[in-house]
Amino acid sequence: MNKGTFQVFIIIALLISNILLVFMLMNKQDHKSKRGGINQNRNIIIEKLDFDEKQIAQYDDLISEHRAAMKENRRGIRGLKLSLYEQINTNNQEQLDSIKKVLSKQHLDFEMIHYSHFKDIKSICKEEQLDLYNELIKELPRMFSPRGPHGKRHQREKQH
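Since the structure is predicted, the reported quantities are computational estimates derived from the model, not experimental observations. (Residues numbered from 1 in each chain as written. Predicted model: local features only at pLDDT ≥ 70, side-chain atom pairs only at ≥ 80, totals over all residues. Heavy atoms only, no water.)

### With respect to the overall build of the protein chain
Thinking step 1. Of regular secondary structure, the protein chain possesses 6 helices and 0 strands.
Thinking step 2. N-terminal to C-terminal, the α/β element order of the protein chain is α-α-α-α-α-α.
Thinking step 3. When each of the 160 residues of the protein chain is scored for burial, the buried share is 22%.
Thinking step 4. Residue pairs at least 24 apart in sequence account for 62% of intrachain contacts in the protein chain once pairs closer than 6 positions are excluded.
Thinking step 5. Counting only carbon and sulfur atoms, one obtains 57% of the accessible surface of the protein chain, whose full area is about 12500 Å². (Helix = DSSP H or I, 4+ residues; strand = E, 2+ residues; numbered from the N terminus. Buried < 20%, exposed > 50% of the residue type's maximum accessible area, 1.4 Å probe, protein only. Contact = heavy atoms within 4.5 Å. Areas by Shrake-Rupley, 256 points an atom, 1.4 Å probe, with all protein chains shown as cover.)

Rendered as structure tokens:
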């Protein structure tokens, strides 16, 4: 195989891999939208609490704040995980214990960000919506579980 043929072969291979990558990314995005995700949960909460337009705008602001806090928290956790795994090659138990303590706090903060978010949602509810809110709170673990709002994976596991 001469140099020109080899270059054409490489160009074609790269083109095909890029097309496959774009297809996979589009398919992944379609899968997320079919599965629901954040926007579906947003809409479910709006519907279940019967929010009016003003409340929806307030809720969207809360969502933006929540997402920013979660992004920052995840960034901190990633950095701490990196520090944790760097300790594998050291014998500094004191440093390891310190990282574990801070990492544990970050994970607790992760849950508290969610907790505060739902307390904030409660604050925009009207008096007549509080019963709906209390019912919604009971559904939160199912709605935001890693298995999705409908628990399909869990149902499949029960069948087997």
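From this point, things continue past the structure.
### Comments concerning the side chain of N73
Thinking step 1. With respect to the helices and strands, N73 occurs in helix α3 (residues 53-86).
Thinking step 2. N73 sits in the buried class, given a relative accessible area of 5%.
Thinking step 3. Sequence-distant contacts of N73, defined by excluding residues within four places in its chain, comprise Q106, D109, F110 and I113.

### What to know about α3
Thinking step 1. Between the first and last C-alpha of α3 there are 49 Å, a value that for 34 residues agrees with the 50 Å anticipated at 1.5 Å per step.
Thinking step 2. Those residues of α3 not exposed but buried are Q55, I56, Y59, L62, I63, H66, M70, N73, I77 and L80. (Expected span 1.5 Å × (residues − 1).)

### Topic: the nonpolar core
Thinking step 1. I45, L49, F51, Y59 and I121 are the most contacted members of the largest nonpolar core, which has 16 residues in total.
Thinking step 2. Here F51 is in contact with I46, I56, Y59, I121, I124, C125 and Q129, once residues within four sequence places are set aside. (Core = buried A, V, L, I, M, F, W, Y, C linked by side-chain atoms within 4.5 Å.)

### Side note on the confidence of the model for the protein chain
Low-pLDDT portions of the prediction should not be read for the details of their coordinates.
Thinking step 1. Mean pLDDT over the protein chain stands at 83; residues scoring 70 or higher make up 82%.
Thinking step 2. Taken element by element, the predicted model of the protein chain shows its lowest mean pLDDT in helix α6 (residues 152-159) (44) and its highest in α3 (94).
Thinking step 3. Residue range residues 30-35 is modelled with pLDDT below 50. Its contacts to residues more than four positions away, or to other chains, number 3 contacts. (pLDDT = per-residue confidence, 0-100.)

### Let's talk about the side chain of H66
Thinking step 1. Among the secondary structure elements, H66 is positioned in helix α3.
Thinking step 2. Ignoring anything within four residues of it in the chain, the contact list for H66 reads I113, H114 and H117.

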